[in-house]
Amino acid sequence: MIPKRLVLKAALGLVVTACGATAHAADTGPIKIGLILPMTGQQASTGRQIDAAVKLWVAQNGNKIAGRTVEVILKDDGAVPDATKRIAQELIVNDKVAVIAGFGITPTALATAPLGTQSKTPLVVMAAATSSITEASPYIVRTSFTLPQATTPLADWAIKNKIKKVVTLVADYGPGFDAEKYFDSQFRLNGGQVLDKLRTPLRAPDFAPVLQKVLDAKPDALFVFLPSGQGATFMKQFAERGLDKSGIRLIATGDVTDDDQLNDMGDVTLGIINSHHYSAAHPSATNKKFVEAFQAANKGMRPNFMAVGGYDGMRVIYKALEASKGAGGDALLAAMKGQIFESPRGQVLIDAQTRDIVQDIYIRKVERVPSMGNGLYNVEFDVIKAVKDPGKQK
Ligand code: PHB
């Protein structure tokens, strides 16, 4: 009879061997990147843009890292935070992804943050832009932008350009609160006056009542932040209510004059001054190559700032996976921190301390550009270099 002790030892050996075999299989199997985007619903343009950019990155850079195949697993959350969380859980537990990317709106990133922390899975935020997101988990890295970053330089521009009285209008959730707060404080710090602060719901907003309030208040300018996808509806109602002929200037973050919709919004947008980190008309060789390749791969669709957040997010993930030799967790996270590279938007840095993006913010004016098919574009005319998120400088 074989002593019990030996049987146990043999059994343990088997378990160890089995674990070893599993670990080995994971090292040679595909490297999985989870990509959670709103492919349906109100935020679907964000999903469409980022998905196209991710596919372009893979087409240009291949799907092999450290001898392993890279597999992108795309899932639609419809921009519903509970769905994002459930999908992220499945991607972590069942698919064993190395990283999760995407996150079309702030609530979806915040809902997933605790899962990143618990499982040590890096979360690359390609779209959402509320300042505090990167503080919700030490595993969050951002390649989009923040509203304080985009808004503060516009408040400075407004004061320098004889705008003294403003009404603000923002979407009623995280990034809107940031835009309102940072515009208001910077503008008032410089001697400006904020007559009223208006908010519209994230879902299915009706702008008519707030636009009437703006007409009644008679400010020098109306400052607006609305999430990508709402600009066209807003501009239509802006014109219908006669604000374009009221003498009240419109200034905005580039989310409103979004490249995804701008060309279809028409002449009512001509002359709108806005601030942002990316324009499809950014005059660099890197951007021209990016826009051409993106349009060639997507039936002429113009990339917007969401596409660039996705494209750069893939760059950050690929370079980090190369450095970690395909490993996820802390090794992958460490290799994302401190990356510096030339994006289609200009030079960018992933700040190693904050894990947030440091980038140039451009002041732009909507114009028709004869050399670009006479389309409507955000034409950059001033730049504030290497802007860190003001939301982190407490
Ligand atoms: C966000 O929800 O954080 C968000 C979405 C769209 C934008 C900007 C911010 O254009």
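No experiment lies behind these values; they were computed from the predicted model shown.

## Quick notes on the overall build of the protein chain
Then, number 1: A tally of helices and strands in the protein chain yields 12 helices and 15 strands.
Then, number 2: The C-alpha atoms of the protein chain give 23 Å as radius of gyration, which agrees with the globular expectation for 394 residues (21 Å, within 12%).
Then, number 3: When each of the 394 residues of the protein chain is scored for burial, the buried share is 56%.
Then, number 4: Look at the contacts in the protein chain between residues 6 or more apart in sequence, and 68% of them connect residues 24 or more apart.
Then, number 5: Summed over its atoms, the accessible surface of the protein chain is roughly 16,400 Å², and 56% of this surface lies on carbon and sulfur atoms.

## Focus on the sheet that holds strand β4 (residues 99-102)
Then, number 1: Strand order across the open sheet formed by six strands is β2-β3-β1-β4-β5-β6, with mixed pairing between neighbours. Looking at which strands have only one partner, the edges of the open sheet turn out to be β2 (64-65) and β6 (140-142).

## Structural notes on the nonpolar core
Then, number 1: Judged by nonpolar contacts, the single largest core of 97 residues is most densely connected at Leu-222, Val-224, Phe-234, Ile-251, Phe-290, Ile-317 and Met-336.
Then, number 2: Ranked by residue count, the leading element in this core is helix α11 (residues 305-324), at 11 residues.
Then, number 3: When residues no more than four places from it in sequence are discounted, the contact partners of Phe-234 are Leu-169, Phe-207, Leu-211, Leu-222, Val-224, Leu-226, Leu-250 and Val-256.

## Section: the packing of helix α3 (residues 81-93) against helix α4 (residues 106-119)
The packing of two helices is summarised by the inter-axis angle and the distance between the axes.
Then, number 1: Interhelical geometry of α3 versus α4 gives an angle of 25 degrees and a closest axis separation of 8 Å. If you check the angle between α3 and α4, you find them roughly parallel. In the packing of α3 onto α4, the handedness of the crossing is right-handed. Listed contacts from α4 to Pro-81, Thr-84, Lys-85, Ala-88, Gln-89 and Ile-92 of α3 are Pro-107, Thr-108, Ala-111, Thr-112, Leu-115 and Ser-119.
Then, number 2: Of the residues assigned to the contact of α3 with α4, the class counts are six nonpolar, five polar and one charged.

## What to know about α4
Then, number 1: For α4, spanning 14 residues, the distance from its first C-alpha to its last is 21 Å, which sits close to the expected 20 Å at 1.5 Å a residue.
Then, number 2: A bend of about 35 degrees at Thr-112 is the largest found in α4, and the proline Pro-114 appears one to four places after it.
Then, number 3: Within α4, burial applies to Thr-106, Thr-108, Ala-109, Thr-112, Ala-113, Leu-115 and Gly-116.
Then, number 4: Those residues of α4 hidden inside the fold are in contact with α3, β5 (123-125), β6 and α6 (174-189).
Then, number 5: The first or second residue beyond α4 is Lys-120, which carries a positive phi of 55 degrees.

## Looking at the packing of aromatic side chains
Then, number 1: On inspection of all chains with the given rule, the structure shows 10 aromatic pairs.
Then, number 2: Measuring from ring centre to ring centre gives 5.2 Å for Trp-57 and Tyr-311, while their planes differ by 75 degrees; the resulting arrangement is edge-to-face. Linking Trp-57 in helix α2 (residues 44-61) with Tyr-311 in helix α11, this pair joins segments that are 254 residues apart in sequence. Side by side, Trp-57 and Tyr-311 carry an identical accessibility label, which is buried.
Then, number 3: Seen from their ring centres, Tyr-278 and Phe-290 are 6.5 Å apart, and the 80 degrees between their planes marks the pair as edge-to-face. Note that Tyr-278 is positioned in the loop between β11 (273-276) and α10 (285-297) and Phe-290 in helix α10, a separation of 12 residues in sequence.
Then, number 4: We classify Tyr-278 as buried; its relative accessible area is 1%.
Then, number 5: The aromatic ring of Tyr-377 is capped on one face by Arg-302, whose charged end is 3.6 Å from the ring centroid.

Reading guide: rules and limits
- Residues numbered from 1 in each chain as written.
- Predicted model: local features only at pLDDT ≥ 70, side-chain atom pairs only at ≥ 80, totals over all residues.
- Heavy atoms only, no water.
- Helix = DSSP H or I, 4+ residues; strand = E, 2+ residues; numbered from the N terminus.
- Rg over C-alpha atoms; globule rule 2.2 N^0.38 Å.
- Buried < 20%, exposed > 50% of the residue type's maximum accessible area, 1.4 Å probe, protein only.
- Contact = heavy atoms within 4.5 Å.
- Areas by Shrake-Rupley, 256 points an atom, 1.4 Å probe, with all protein chains shown as cover.
- Pairing = 2+ DSSP bridges.
- Core = buried A, V, L, I, M, F, W, Y, C linked by side-chain atoms within 4.5 Å.
- Axes fitted to C-alpha atoms, helices over the stretch in contact; angles between N-to-C directions.
- Parallel < 35°, antiparallel > 145°, perpendicular 65-115°, else oblique.
- Left-handed = near helix turned anticlockwise from the far one by under 90°.
- Nonpolar A, V, L, I, M, F, W, Y, C, P; charged D, E, K, R; others polar.
- Expected span 1.5 Å × (residues − 1).
- Bend = angle between axes of the 7 residues up to and from the residue.
- Phe/Tyr/Trp six-rings, centres within 6.5 Å; stacked < 30°, edge-to-face > 60°.
- Lys NZ or Arg CZ within 6 Å of the ring centre and 35° of its normal.

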